[in-house]
Amino acid sequence: MLNEEKIKKMRKLAAYESGAGKEDLSISNYYRSDYIGLALIKNFFFTTIAYGLLVLVYFGCQGEYLMDNIHKMNLVSVGVKLVLLYVIMIIVYSIFTYIYCSVKFSRAQKRIETYYQELSQLKKMYDKEEKRMDRLTRRRKDA
């Protein structure tokens, strides 16, 4: 005998598992600090690569000017400015990454909690149906 309520719940749970739940379930495998720490490490490497590319593009576009005026420049101050801009870029992107990952983690945890509640409701439905079937088989054996 098919139970429509059970089928609807199973369909809803399966849709979540194959959709947004994939990412949520993978996020739930981490502790909050581990998830955010991993994201910050990735952020460091990607920001470093992006900054390097930006510097290369800038120096590529300003190449003629740099070649004509390099003897007039204070290279130490240029180096300090480049390092300072790099540090500022890392700090800004790390703050954004921290906030984004914190929000993403907490939202995923809430959705996972709802998922597990619905999963336990489905289990209760199965247990209830199993008890009912056990009673029916006992009655048949007794009769």
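Colleague: Let's hear about the overall build of the chain: which residues, and what values?
Modeller: A tally of regular secondary structure across the chain gives 5 helices and 0 strands. Taking 143 residues into account, the globule formula puts the C-alpha radius of gyration at 15 Å, and the chain, at 29 Å, lies well above it. For the chain, the spread of C-alpha atoms along the three principal axes comes to 105 × 25 × 15 Å. Relative to its 143 residues, the chain shows a buried fraction of 20%.

Colleague: Which residues make up the nonpolar core, and what values go with them?
Modeller: Ranked by size, the top nonpolar core spans 7 residues in total: Ile27, Tyr35, Ile36, Ala39, Cys101, Phe105 and Ala108. Those residues in contact with tyrosine 35 that lie beyond four places of it in its chain are Ile27, Tyr30, Cys101, Lys104 and Phe105. Leu13, Tyr16, Ile112 and Leu122 belong to the second-largest nonpolar core, a separate cluster that totals 6 residues.

Colleague: Could you give me a rundown of the layout of surface pockets, with the residues and numbers involved?
Modeller: Put simply, the largest pocket is a space of about 320 Å³. As for the largest pocket, its lining consists of 16 residues, and the residues nearest its centre are Tyr58, Phe59, Leu66, Val78 and Leu82. Residue assignment for the lining of the largest pocket shows that the elements contributing at least two residues are α3 (32–61), α4 (63–69) and α5 (75–142). For the lining of the largest pocket, the element with the most residues is α5, which contributes 6 residues. Across the lining of the largest pocket, the residue classes break down as 13 nonpolar, 2 polar and 1 charged.

Colleague: Account for the pattern of salt bridges, with residues named and values stated.
Modeller: Within the structure shown, the criterion is met by 5 salt bridges. For glutamate 23, the salt bridge identified is with lysine 104, shortest N-O distance 2.6 Å. Here lysine 104 lies in helix α5 and glutamate 23 lies in helix α2 (residues 20–27), a separation of 81 residues in the sequence. Of the charged contacts, one joins arginine 111 and aspartate 24 as a salt bridge, the two residues approaching to 2.7 Å between their closest N and O atoms. With a gap of 87 residues between them, arginine 111 in helix α5 and aspartate 24 in helix α2 connect regions that are remote in the sequence.

Colleague: Outline α3, listing residues and values.
Modeller: Given 3.6 residues to a turn, an α-helix orients residues that are three or four positions apart in the same direction. The end-to-end C-alpha distance of α3, which contains 30 residues, comes to 43 Å, matching closely the 44 Å that a straight helix rising 1.5 Å per residue would cover. Along α3, the residues that are buried comprise Tyr35, Ile36, Ala39, Asn43, Thr47, Tyr51 and Val55. Against the buried residues of α3 lie α2 and α5.

Colleague: Give a detailed account of the packing of aromatic side chains, specifying residues and quantitative values.
Modeller: Taken as a whole and judged by the stated rule, the model has 7 aromatic pairs. Centroid distance tyrosine 30 to tyrosine 35: 6.1 Å. Interplanar angle 45°. Geometry classified as tilted. The exposure class of tyrosine 30 is partly exposed, given its relative accessible area of 39%. Using a relative accessible area of 12% as the deciding quantity, one classes tyrosine 35 as buried. Pairing phenylalanine 44 with phenylalanine 45 gives two aromatic rings, centres 5.4 Å apart and planes at 75°, and the pair type is edge-to-face. Here the aromatic residues Tyr16, Tyr115 and Tyr116 are joined through ring pairs into a cluster of three or more. The ring of tyrosine 126 carries the charged tip of lysine 6 above its face, separated from the ring centre by 4.3 Å.

Cut-offs used in this document
Residues numbered from 1 in each chain as written. Predicted model: local features only at pLDDT ≥ 70, side-chain atom pairs only at ≥ 80, totals over all residues. Heavy atoms only, no water. Helix = DSSP H or I, 4+ residues; strand = E, 2+ residues; numbered from the N terminus. Rg over C-alpha atoms; globule rule 2.2 N^0.38 Å. Buried < 20%, exposed > 50% of the residue type's maximum accessible area, 1.4 Å probe, protein only. Core = buried A, V, L, I, M, F, W, Y, C linked by side-chain atoms within 4.5 Å. Contact = heavy atoms within 4.5 Å. 1 Å grid on protein atoms, 1.4 Å probe; cavity = no way out; pocket = protein on both sides within 12 Å on 5 of 7 lines; lining within 4 Å. Points joined across faces, edges and corners; volume = space filled by probe spheres on them. Nonpolar A, V, L, I, M, F, W, Y, C, P; charged D, E, K, R; others polar. Salt bridge = Lys/Arg side-chain N within 4 Å of Asp/Glu carboxyl O. Expected span 1.5 Å × (residues − 1). Phe/Tyr/Trp six-rings, centres within 6.5 Å; stacked < 30°, edge-to-face > 60°. Lys NZ or Arg CZ within 6 Å of the ring centre and 35° of its normal.

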